[in-house]
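# Inside the fold
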Amino acid sequence: QVQLVESGGGLVQPGGSLRLSCAASGNIGSIYSMAWYRQAPGEQRDVVAEITGSGRTNYADSVKGRFTISRDNAKNTVYLQMNSLKPEDTAVYYCNAAIITGNTYWGQGTQVTVSS
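As the structure is a prediction and not an experimental result, all values here were calculated from the model. (Residues numbered from 1 in each chain as written. Predicted model: local features only at pLDDT ≥ 70, side-chain atom pairs only at ≥ 80, totals over all residues. Heavy atoms only, no water.)

All right, on to the overall build of the protein chain then. Across its full length, the protein chain holds zero helices and 11 strands. The linear arrangement of helices and strands in the protein chain, starting from the amino end, is β-β-β-β-β-β-β-β-β-β-β. Computed over its C-alpha atoms, the radius of gyration of the protein chain comes to 13 Å, within 12% of the 13 Å expected for a compact globule of 116 residues. The principal-axis extent of the C-alpha atoms belonging to the protein chain is close to 40 × 25 × 25 Å. Residue burial in the protein chain is summarised as follows: out of 116 residues, 40% are buried. Taking as baseline every contact in the protein chain between residues at least 6 positions apart, the subset at least 24 positions apart corresponds to 52%. About 6,000 Å² of surface is accessible on the protein chain, with carbon and sulfur atoms providing 46% of the total. For the protein chain, the centre of its 9 positive side-chain charges and the centre of its 8 negative side-chain charges are spaced 6 Å apart. (Helix = DSSP H or I, 4+ residues; strand = E, 2+ residues; numbered from the N terminus. Rg over C-alpha atoms; globule rule 2.2 N^0.38 Å. Buried < 20%, exposed > 50% of the residue type's maximum accessible area, 1.4 Å probe, protein only. Contact = heavy atoms within 4.5 Å. Areas by Shrake-Rupley, 256 points an atom, 1.4 Å probe, with all protein chains shown as cover. Lys, Arg positive; Asp, Glu negative; His and termini not counted. Charge placed at Lys NZ, Arg CZ, Asp CG, Glu CD.)

So, about the sheet that holds strand β1 (residues 2-7). Within the open sheet, the four strands sit side by side as β1-β3-β8-β7. Their pairing is antiparallel. The open sheet has two edge strands, β1 and β7 (67-72), and neither has a second partner. For this sheet, the mean angle separating the axes of adjacent strands, direction not counted, is 15 degrees. Taken together, the six bridges between β7 and strand β8 (residues 77-82) define a ladder with antiparallel strand orientation. Counterpart to Ser 70 in the pairing with β8 is Tyr 79. (Pairing = 2+ DSSP bridges. Axes fitted to C-alpha atoms, helices over the stretch in contact; angles between N-to-C directions.)

Attention shifts here to the state of the cysteines. A full pass over the atoms with the stated rule returns one disulfide. The residue that forms a disulfide with Cys 22 is Cys 95, at a sulfur-sulfur distance of 2.0 Å. Note on the Cys 22 and Cys 95 pair: the S-S dihedral is about -80 degrees, so by sign convention the disulfide is left-handed. With Cys 22 in strand β3 (residues 18-26) and Cys 95 in strand β9 (residues 91-99), this residue pair connects regions lying 73 residues apart in the sequence. Exposure remark for Cys 22: the relative accessible area of 0% places this residue in the buried category. Judged by relative accessible area, which is 0%, Cys 95 ranks as buried. (Disulfide = S-S within 2.5 Å.)

In structure tokens, the structure reads:
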């Protein structure tokens, strides 16, 4: 079992920045990749950024150059630095962990609202 707790969401003006955090606990040695997803009202949940155990990263085209995913292994925490935020970035952001058995785990989600 893996537990994920997100934090850092909130209300920000267009052009602003936020940093999301996802703290992992439990059987963290079984995690091989972590990712951030987001889901806007009435939309499907889509991947935003992913980071593997080796540190390789992938981003959705809509956030390339604006968002950065990183991890602090000592703190068992993954971050999503979001810059130049746009209203269309408004969504609930979820942390995801994939483990070696093929199972995935989700956090509870954190709301990000970009509005003036």
